[in-house]
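The chain contents come next:
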Amino acid sequence: MGLMNNHGILERHSILLTIGILVVVSIGGIIQMAPLMYMDNTIEKVDGMRPYTPLELAGRDIYIREGCYVCHSQMVRPLRDEVERYGHYSLAAESMYDHPFQWGSKRTGPDLARVGGKYSAEWQVDHLIDPRALVPESVMPPYAFLMDKKLKYDGIEDRLRTERLVGVPYTDEMIANAKGHILAQADPDNRGFDYYDSLVAEYEAAAGREGTVELRDWDGNPNEITEMDALVAYLQMTGTLVDFTTYEADDLSNRR
Amino acid sequence: MTDERRDIDDHSGIETTGHSWDGIKELNNPLPRWWLYIWYATIAWAIVYMIFMPALPALPGLGTNTTGLRNHSDRDLVAVAVADLKAARVDQSATLLEASLEEIETDRNLQQFALAMGESLFGDNCATCHGAGGRGAVGYPSLADDVWLWDGTLDGIEFTLRHGIRHDGDDETRFSIMPAFGRDGLLNAAEVGALSQHVLMLAGREADVEEAKIGAGLFSIHCATCHGDMGQGDRTQGAPNLTDTEWLYGDSEGEIYATIYNARNSHMPAWQDRLDDASIKALAVYVHTLGGGE
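Computed from a predicted structure; not experimentally measured.

## Some details on the overall build of chain B
Along the backbone of chain B there are ten helices and two strands. Along chain B, helices and strands appear, N-terminal first, in the series β-β-α-α-α-α-α-α-α-α-α-α. For chain B, whose C-alpha radius of gyration is 36 Å, the value lies well above the compact-globule estimate of 19 Å for 294 residues. The C-alpha extent of chain B, read off along each of the three principal axes, is 120 × 55 × 45 Å.

Shown next as structure tokens:
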């Protein structure tokens, strides 16, 4: 055990000791991080994922601003009872354009990863205005004020650029037309009419399939684009993008 | 380390580390044996775990993570668990699938199974809008009474469940549109007010007779095609009966005015893509038995 008895050398030379500590501590970090540099399957390859439309992104920002994540997770775990209730377990790919992601395990309210389309948009609006009018035992606070707050989207182009900076594939057209796309998705018959086709075409091209962009008046008030429009537009698309008919759970690279 | 080099502290009789700082020495109290052995055991366990379970994220040149000897996958396990659950249900479900809705409702065993299944499905998927036990809410029809907008028969309920009401993604969905008479400028505010009075009258409520007379003329032009000449409603279009005491969106003068002004076109999602056939049948039977099935 000659080597073991030489620790006196390390203990008496502070520089050597510092280098030794750095080497030992970084082993853990290297083992965690190095594989990410060359692995090609940290995220499953799936069909249908596209970036959020500007209106959905604005709605998502409201979701975060209002702290919805404090009570609602967005992660269906691969457990039988959760899959039975909420639908297919969440995939990493479904959060790849989320900055930050909304996973979690703290559920005062139900998981919202697949709430999109489960209930009608009218229900979402009524329920956000007064949760207890529809679910008497609910403890959710009312968000009626979202109906009165006009959506502020002056800086939406920069918002999209920021997302692009961290890896969300927004195209130049998507950014240039962002304001028009908000109008188109929340008021397709009137003010957004000119941008209708470009919104659908650009985001469906990103998704690689049709029927992933829903355009309508979301909050029952077609005269104004409110924060309610944005939030409900976001809620109604959560978990609906991935085409599970083409997802192969058995594929070796999809095993977890 | 030989015995000659051991240095025993005189006072406590415990070996020291041999280091001396200004004559002060440090006792060498080793870790308790039991603690040390448990620690060694966890190291051994980690190695065993790495062999049997997926552990290493990826080795250079190896595209994927190691799968381990047990080839464990949470995603496989949940697929198996869900398949087991479905298999456990399949006997009863199969009889549900074969039987007609009427048979399910009259056969005691089938009915019991369908109702139990329907109740739990209803609680998660339907009660959010229609309320526990289908008691309904403003804007969300009660399923526990015998007033039906579209169809209260077993087959009708099943059709509604499958295709929804005004559901975008379904070609067979139940569909009709009430125009927003005020908002879209078809009628002015005074005319909407007169119509409200006529509707109040239809329902046998107190109303301004003069106004209602004007309203009656407007009613036959704008409303009667769907709601019928006498306001008796039309189930084929989901147009509610205006002569009864059931009001989905409220029965006050102001609420009726708002309904005519802004229109009401409620929406129910189609469930055939979310729920399997047996579940939909069970739900149809459950809803039918809530109180008002036809």
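## Considering the overall build of chain A
From N to C terminus, chain A includes eleven helices and zero strands. In chain A, the succession of α and β elements from N to C terminus is α-α-α-α-α-α-α-α-α-α-α. For 256 residues, the compact-globule estimate of 2.2 N^0.38 gives 18 Å, and the C-alpha radius of gyration of chain A, at 23 Å, exceeds that figure by more than 25%. Considering only C-alpha atoms, chain A reaches an extent of 85 × 45 × 40 Å along its principal axes. Per-residue burial for chain A yields a buried fraction of 36% across its 256 residues. Of the contacts made within chain A by residues no fewer than 6 positions apart, 69% connect residues no fewer than 24 positions apart.

## Examining the interface of chain B and chain A
At the junction of the two partners, chain B supplies 24 residues and chain A supplies 26 residues. If you list the elements that add at least two residues to the side of chain B that touches chain A, you get α2 (74-98) and α4 (108-130) of chain B. Sorting elements by how many residues they give to the side of chain B that touches chain A places α2(B) first, with seven residues. A breakdown of the residues in the side of chain B that touches chain A according to their chemical character gives 13 nonpolar, eight polar and three charged.

## Observations regarding the domain arrangement of chain B
All names here are of chain B. Segmenting chain B into domains produces domain 1 (76-173 + 268-288) and domain 2 (189-262). Of note, the centres of domain 1 and domain 2, computed from C-alpha atoms alone, are 33 Å apart. Counting residues at the interface gives nine residues for domain 1, matched by eight residues for domain 2. Grouping the amino acids of the side of domain 1 that touches domain 2 by side-chain chemistry returns seven nonpolar, one polar and one charged.

## Description of the pairing of strand β2 (residues 24-27) of chain B
All names here are of chain B. With three bridges connecting them, strand β1 (residues 16-21) and β2 associate as antiparallel partners. Of the residues in β2, the one forming a bridge with T16 is L27. Hairpin geometry of β1 and β2 is characterised by an intervening segment of two residues between the two adjacent antiparallel strands and by a positive phi of about 50° at D22.

The rules behind the values
Residues numbered from 1 in each chain as written. Chains lettered and ligands numbered in written order. Predicted model: local features only at pLDDT ≥ 70, side-chain atom pairs only at ≥ 80, totals over all residues. Helix = DSSP H or I, 4+ residues; strand = E, 2+ residues; numbered from the N terminus. Rg over C-alpha atoms; globule rule 2.2 N^0.38 Å. Buried ≥ 20, exposed ≤ 12 C-beta atoms within 10 Å, placed from the backbone. Contact = placed C-beta atoms within 7 Å. Nonpolar A, V, L, I, M, F, W, Y, C, P; charged D, E, K, R; others polar. Domains from an automatic or database assignment. Pairing = 2+ DSSP bridges.

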